[in-house]
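Fold and geometry: a report
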Amino acid sequence: MKRRDFLAGAAAAFALPGAALAQVDPLEDPLVRALTNGAPVRKGKVTLVLPQLADNGNSVPIRIAVDSPMTAADHVKSIHLYSERNPVPNMANFYLGPRAGRAEINSRVRLAGSQRVTAVAKLSDGSFWYDAAPIVVTLSACLDES
Amino acid sequence: MAARIQIPREARRGDVIEVRILIQHPMETGYRHDDVGHLIKRNVIKVLSCRYNGVEVFRADLSSGISANPYVQFYTVAEASGNLEFTWIDDEGERGAERQPIVVKG
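As a starting point, this report considers the structure included with it. Quick caveat, the model's predicted, so the values are computed rather than measured.

Re the overall build of chain A
Scanning chain A for helices and strands turns up three helices and nine strands. The helix and strand sequence of chain A, counted from the amino end, reads α-α-α-β-β-β-β-β-β-β-β-β. Contacts in chain A between residues at least 24 apart in sequence constitute 67% of all its contacts with a sequence separation of at least 6.

Here you go:
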């Protein structure tokens with residue numbers, strides 16, 4: 001973590017609640033907070049790959065990879081996917097372990113509109129890392145009748 | 001519920017193998033209406049798990065945010081010859097199970 005990021009984070013932590021609300025941050029999501037139990041979530045290690053534009057939100061390919069040796073001592077325990085605009089924000093949780101060998105998941109998700117998607121990874125040492133990707137969805141899933 | 005599973009037939013011990021599973025399932029979101037305007041009840045696969053010779057190596061909690069006919073690709077280390085057993089359950093309590101054999105050399 002850069003010193004600058006740390007200072008910005010520390011300043012935000014001590015700022016008034018009203019000031020904090022002005023920022024739109026997926027990590028302020030109560031669901032993410034429930035997952036991390038207040039522990040810091042740092043950007044990095046996780047790579048979230050989404051297409052920049054999806055014509056149809058009903059099936060959007062997604063790839064989440066975490067930079068980890070996946071050994072018994074140092075591995076990814078779980079990966080959690082969050083959507084900003086879906087009626088069910090916690091899209092999926094994946095539980096891995098040292099037996100996975102490689103921390104990478106590919107799947108297809110539904111997205112209700114253009115938004116930012118966040119992936120949070122929990123590591124065996126208890127730290128949390130995230131990555132977020134913006135996506136433009138032309139035809140949104142879930143809420144549209146199709 | 002039918003499923004297609006793709007894993008290598010054989011692998012060397014210690015190799016990281018790619019596992020792909022595609023389950024035939026509507027993943028009904030619970031937000032859609034039928035032709036006469038009634039809400040269609042939510043029915044999604046809640047849990048998908050993969051056991052390698054009885055030991056769980058992968059588990060996923062899915063939701064309506066996962067596309068119909070859910071596809072999941074993940075990795076596991078080839079440890080020994082045997083089976084990869086997949087089980088899943090949906091909101092209506094319907095369970096699915098599928099297994100795929102693997103031969104591990106070396």
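Don't stop here, the text continues.
Quick look at the overall build of chain B
What chain B contains, in helices and strands, is zero helices and eight strands. Referenced to the eigenvectors of the C-alpha coordinate spread, the extents of chain B come out at roughly 60 × 20 × 20 Å. Within chain B, the fraction of its 106 residues that count as buried is 30%. Considering only contacts in chain B between residues 6 or more positions apart, those separated by 24 or more positions represent 56%.

Notes on the pairing of strand β8 (residues 115–123) of chain A
Residue and element names in this part refer to chain A. Here strand β5 (residues 76–83) runs beside β8; their pairing, made up of seven bridges, is antiparallel. In the strand pairing of β8, Tyr 82 is matched with Thr 118. Where β8 meets strand β9 (residues 128–139), eight bridges bridge the pair, whose relative direction is antiparallel. Bridging from a neighbouring strand, Ala 121 pairs with Trp 129 of β9.

Some points on the environment of Asp 131 of chain A
Along the chain, Asp 131 of chain A turns up in strand β9. Sequence spacing of Asp 131 of chain A and Gly 57 of chain A is 74 residues, and the spatial spacing of their C-alpha atoms is 20 Å.

A closer look at unusual backbone geometry
All names here are of chain A. At Asn 37, a residue that is not glycine, the phi angle is positive and equals roughly 55°. Tracing the backbone shows Asn 37 in the loop between α3 (30–36) and β1 (41–43). Even without being glycine, Met 70 reaches a positive phi, approximately 55°. Locating Met 70 in the fold gives a position in the loop between β4 (60–66) and β5. Residue classification places Met 70 among the buried residues on the basis of 21 C-beta atoms within 10 Å.

Details of the sheet that holds β4 of chain A
If you trace the six strands from one edge of the open sheet to the other, you get β2(A)-β4(A)-β7(A)-β6(B)-β3(B)-β1(B), paired in antiparallel fashion. Each having just a single partner strand, β2 (46–49) of chain A together with β1 (3–6) of chain B make up the two edges of the open sheet. Pairs of neighbouring strands in the sheet enclose a mean axial angle of 15°, with direction left out of account.

Some thoughts on the interface of chain B and chain A
Opposite the 24 residues of chain B that make contact, chain A presents 28 residues. Listed by contribution, the elements that provide at least two residues to the side of chain B that touches chain A are β5 (55–61) and β6 (71–77) of chain B. Broken down by element, the side of chain B that touches chain A gets its largest block of residues, seven residues, from β6 of chain B. Relative to β6 of chain B, strand β7 (residues 104–109) of chain A runs antiparallel, the two sharing two bridges. Following the sheet pairing, Ser 107 of chain A is matched in β6 of chain B by Val 72 of chain B.

Observations regarding the nonpolar core
Soluble globular proteins tend to bury their nonpolar side chains together. Judged by nonpolar contacts, the single largest core of 59 residues is most densely connected at Val 46, Ile 64, Ile 79, Ala 100, Leu 111, Ala 119 and Ala 121 of chain A. Setting aside anything within four residues of it in sequence, one finds Ala 121 of chain A in contact with Lys 45, Val 46, Val 66, Val 76, Ile 79, Phe 128 and Trp 129 of chain A.

Here's the deal with the pairing of strand β8 (residues 95–105) of chain B
Residues and elements named next belong to chain B. Of all eleven residues in β8, one are buried, a share of ten percent or less. Sheet topology places strand β2 (residues 10–12) next to β8; three bridges connect them, and they run parallel. Bridge pairing in β8 links Glu 10 to Val 103. As defined by bridge partners, strand β7 (residues 82–90) adjoins β8 across eight bridges and the pair is classed as antiparallel. Bridge pairing links Thr 87 to Ala 97 in β8. Counting the residues in the hairpin turn of β7 and β8 gives four residues, including Gly 93, whose phi is positive at 85°.

Some details on the environment of Pro 70 of chain B
All names here are of chain B. Following the sequence through the fold, Pro 70 ends up in the loop between β5 and β6. Along the sequence, Pro 70 and Ile 45 sit 25 residues apart, while their C-alpha atoms lie 8.5 Å from each other. Not counting residues up to four positions away in its chain, the partners in contact with Pro 70 are Ile 23, His 25, Met 27, Ile 45 and Leu 62.

Cut-offs and rules
- Residues numbered from 1 in each chain as written.
- Chains lettered and ligands numbered in written order.
- Predicted model: local features only at pLDDT ≥ 70, side-chain atom pairs only at ≥ 80, totals over all residues.
- Helix = DSSP H or I, 4+ residues; strand = E, 2+ residues; numbered from the N terminus.
- Contact = placed C-beta atoms within 7 Å.
- Buried ≥ 20, exposed ≤ 12 C-beta atoms within 10 Å, placed from the backbone.
- Pairing = 2+ DSSP bridges.
- Axes fitted to C-alpha atoms, helices over the stretch in contact; angles between N-to-C directions.
- Core = buried A, V, L, I, M, F, W, Y, C linked by C-beta atoms within 7 Å.

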